[in-house]
Amino acid sequence: DVLDPERLIQCPLVKHHRIRARRFPYHLVKCKESNPEIAKKLATCPFNARHLVPQADLSDHIMKCNDKAFMEQDVVTRSCEPPQDQLNNGSTWQAPPCDEDWETELLEGSESTFVW
């Protein structure tokens, strides 16, 4: 199951590393630090940072990446929603009247002393 956090994923840097899906992002950070020479040869997918592919294969990966469809769908969904400023401009809410007068309260209260 793709959504199972316990499934094992093969590390793209060191092929004999098999990591649980829930720990995979943390492993990638540490493994990149431990293997900088291998990490230099890999590129990160713009749609999913967990996808590390050889730099020469990045454009091919981008064309075929499954996560690209999720990003495109999100862009289409957002473009169909009305902009937030249009939603806010149509509001009829008004603030209730305020009866406070700080200047008057300050003048009236200046003679009284504060006691604990």
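One structure accompanies this document, and this report is about it. In this text, all values refer to a predicted model and were calculated from it rather than measured experimentally.

Moving on, we get to helix α1 (residues 24-34). Where α1 is concerned, the buried positions are F24, H27, L28 and C31. Buried residues in α1, looked at end-on, bunch into an arc of 105°, giving them a common side. Exposed and facing more than 90 degrees away from the buried side of α1 are Y26, K30 and E33. Along its buried surface, α1 packs onto β1 (8-10), β2 (18-20) and β4 (52-54).

Leftover empty space is mapped by rolling, across the atoms, a probe with the size of a water molecule. Put simply, the largest pocket is a space of about 330 Å³. If you trace the largest pocket, you find 14 residues lining it, with V2, R7, N48, H51 and D67 closest to the centre. Taken together, the residues that form the lining of the largest pocket break down as six nonpolar, four polar and four charged. When residues are assigned to domains, the lining of the largest pocket turns out to be shared by domain 1 (1-40) and domain 2 (42-78), each giving three or more.

Bringing the pattern of salt bridges into the picture now. Throughout the structure, instances matching the rule amount to four salt bridges. Between E6 and R22 there is a salt bridge; the shortest N-O distance is 2.7 Å. Taken together, the residues E6 in the segment before β1 and R22 in the loop between β2 and α1 connect sequence positions 16 residues apart. Overall, R22 belongs to the partly exposed group, its relative accessible area being 45%. Put simply, D60 and K64 hold a salt bridge, and the shortest N to O gap is 3.5 Å. Taken together, the positions of D60 and K64, both in helix α3 (residues 58-64) and four residues apart, correspond to about one turn of that helix. Overall, the relative accessible area of 41% leaves D60 in the partly exposed class.

Each value, and the rule that gives it
- Residues numbered from 1 in each chain as written.
- Predicted model: local features only at pLDDT ≥ 70, side-chain atom pairs only at ≥ 80, totals over all residues.
- Heavy atoms only, no water.
- Buried < 20%, exposed > 50% of the residue type's maximum accessible area, 1.4 Å probe, protein only.
- Helix = DSSP H or I, 4+ residues; strand = E, 2+ residues; numbered from the N terminus.
- Arc of directions from axis to C-beta.
- Contact = heavy atoms within 4.5 Å.
- 1 Å grid on protein atoms, 1.4 Å probe; cavity = no way out; pocket = protein on both sides within 12 Å on 5 of 7 lines; lining within 4 Å.
- Points joined across faces, edges and corners; volume = space filled by probe spheres on them.
- Nonpolar A, V, L, I, M, F, W, Y, C, P; charged D, E, K, R; others polar.
- Domains from an automatic or database assignment.
- Salt bridge = Lys/Arg side-chain N within 4 Å of Asp/Glu carboxyl O.

These values are about where atoms sit, not about what they do.
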